[in-house]
Amino acid sequence: QLQASGGGSVQAGGSLRLSCAASGNTFSSYAMGWFRQAPGKEREFVAAITWTGGGTYYADSVEGRFTVSRDNAKSTVYLQMNSLKPEDTAVYYCAAGLVVATSKANYPYWGRGTLVTVSS
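Below is a short write-up of the structure. (Residues numbered from 1 in each chain as written. Predicted model: local features only at pLDDT ≥ 70, side-chain atom pairs only at ≥ 80, totals over all residues. Heavy atoms only, no water.)

1. Structural notes on the overall build of the chain
- Helix and strand counts for the chain come out as 0 helices and 11 strands.
- Taken from N to C terminus, the helices and strands of the chain fall in the order β-β-β-β-β-β-β-β-β-β-β.
- In terms of overall dimensions, the chain is globule-like: its C-alpha atoms have a radius of gyration of 13 Å, near the 14 Å expected for 120 residues.
- Across its three principal directions, the C-alpha atoms of the chain cover 40 × 25 × 25 Å. (Helix = DSSP H or I, 4+ residues; strand = E, 2+ residues; numbered from the N terminus. Rg over C-alpha atoms; globule rule 2.2 N^0.38 Å.)

In structure tokens:
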């Protein structure tokens, strides 16, 4: 089970850190991904990290502003979001899969989302 938290409202240029806590003892075996869905739009890839944490991947739209990390001892993955823009407004979801990927089809396990609202 995955539980995302840390969303909220922030002004453009601000920062937020999302967390996704996993239950169970197999967290370290899974690649983790972050996706987001804005109103009226498809859910899109944001960032992903390998099970070791040694590899990270980002959507072009967040590259250089967002950082994904994980703490396997705490069964938690993080998404540090800096220099937020109004277009980053969305519900953010964390997901787990056996292989790191940018496609949501590769992630069978999903948490409930957390809303991020960025005002101009």
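Once you've had a look at it, read on.
2. Let's talk about the pattern of salt bridges
- As enumerated under the stated definition, the model contains 3 salt bridges in all.
- Notably, a salt bridge pairs Asp 88 with Arg 65, separated by 2.8 Å at the nearest N-O pair. Separated by 23 residues along the polypeptide, Asp 88 in the loop between β8 (76-81) and β9 (90-97) and Arg 65 in the loop between β6 (56-58) and β7 (66-71) bring together distant segments of the chain. For the pair Asp 88 and Arg 65, a shared accessibility class is recorded, and that class is buried.
- Each of Arg 36, Glu 44, Arg 65 and Asp 88 takes part in a single network of salt bridges with overlapping partners. (Salt bridge = Lys/Arg side-chain N within 4 Å of Asp/Glu carboxyl O. Buried < 20%, exposed > 50% of the residue type's maximum accessible area, 1.4 Å probe, protein only.)

3. Concerning the nonpolar core
- The biggest cluster of nonpolar side chains holds 36 residues, and the ones touching the most others in it are Met 32, Trp 34, Leu 79, Met 81 and Tyr 92.
- Those elements that place two or more of their residues in this core are β1 (2-5), β3 (16-22), β4 (31-37), β5 (44-49), β7, β8, β9 and β11 (114-119). (Core = buried A, V, L, I, M, F, W, Y, C linked by side-chain atoms within 4.5 Å.)

4. Things to note about the sheet that holds β7
- Ordered by their spatial adjacency, 4 strands build an open sheet running β1-β3-β8-β7, and the pairing between neighbours is antiparallel. In this open sheet, the two edge strands, each paired with only one partner strand, are β1 and β7. Here the strands of the sheet are splayed against their neighbours by 15 degrees on average, with no regard to which way each runs.
- Direction of pairing for β7 relative to β8: antiparallel, over a ladder of 6 bridges. Residue pairing for β8: Thr 67 is matched across the bridge by Gln 80. (Pairing = 2+ DSSP bridges. Axes fitted to C-alpha atoms, helices over the stretch in contact; angles between N-to-C directions.)

5. Description of the pairing of β3
- Along β3, 5 of the 7 residues are buried, which leaves the element largely enclosed by surrounding structure.
- Strand direction decides the pairing type here: β1 and β3, joined by 4 bridges, are antiparallel. Residue pairing across strands places Leu 2 opposite Ala 22, the latter belonging to β3.
- Relative to β8, β3 runs antiparallel, the two sharing 6 bridges. Looking at the pairing, Ala 21 lines up with Thr 76 of β8.

6. Digging into the state of the cysteines
- Across all of its chains, the model carries 1 disulfide by this definition.
- Between the sulfur atoms of Cys 20 and its disulfide partner Cys 94 the distance amounts to 2.0 Å. The S-S bond linking Cys 20 to Cys 94 shows a torsion near 60 degrees; that makes this disulfide right-handed. Taken together, the residues span a long stretch of sequence, with Cys 20 in strand β3 and Cys 94 in strand β9 at a distance of 74 residues.
- Judged by relative accessible area, Cys 94 falls into the buried class, the value being 0%. (Disulfide = S-S within 2.5 Å.)

7. Some remarks on the environment of Val 68
- Within the element layout of this structure, Val 68 appears in strand β7.
- Spatially, the C-alpha atoms of Val 68 and Leu 2 are 16 Å apart, while their sequence positions differ by 66 residues.
- Contact partners of Val 68, with chain neighbours within four places excluded, come to Trp 34, Ala 47, Ala 48, Ile 49, Thr 56, Tyr 58, Val 77, Tyr 78 and Leu 79. (Contact = heavy atoms within 4.5 Å.)

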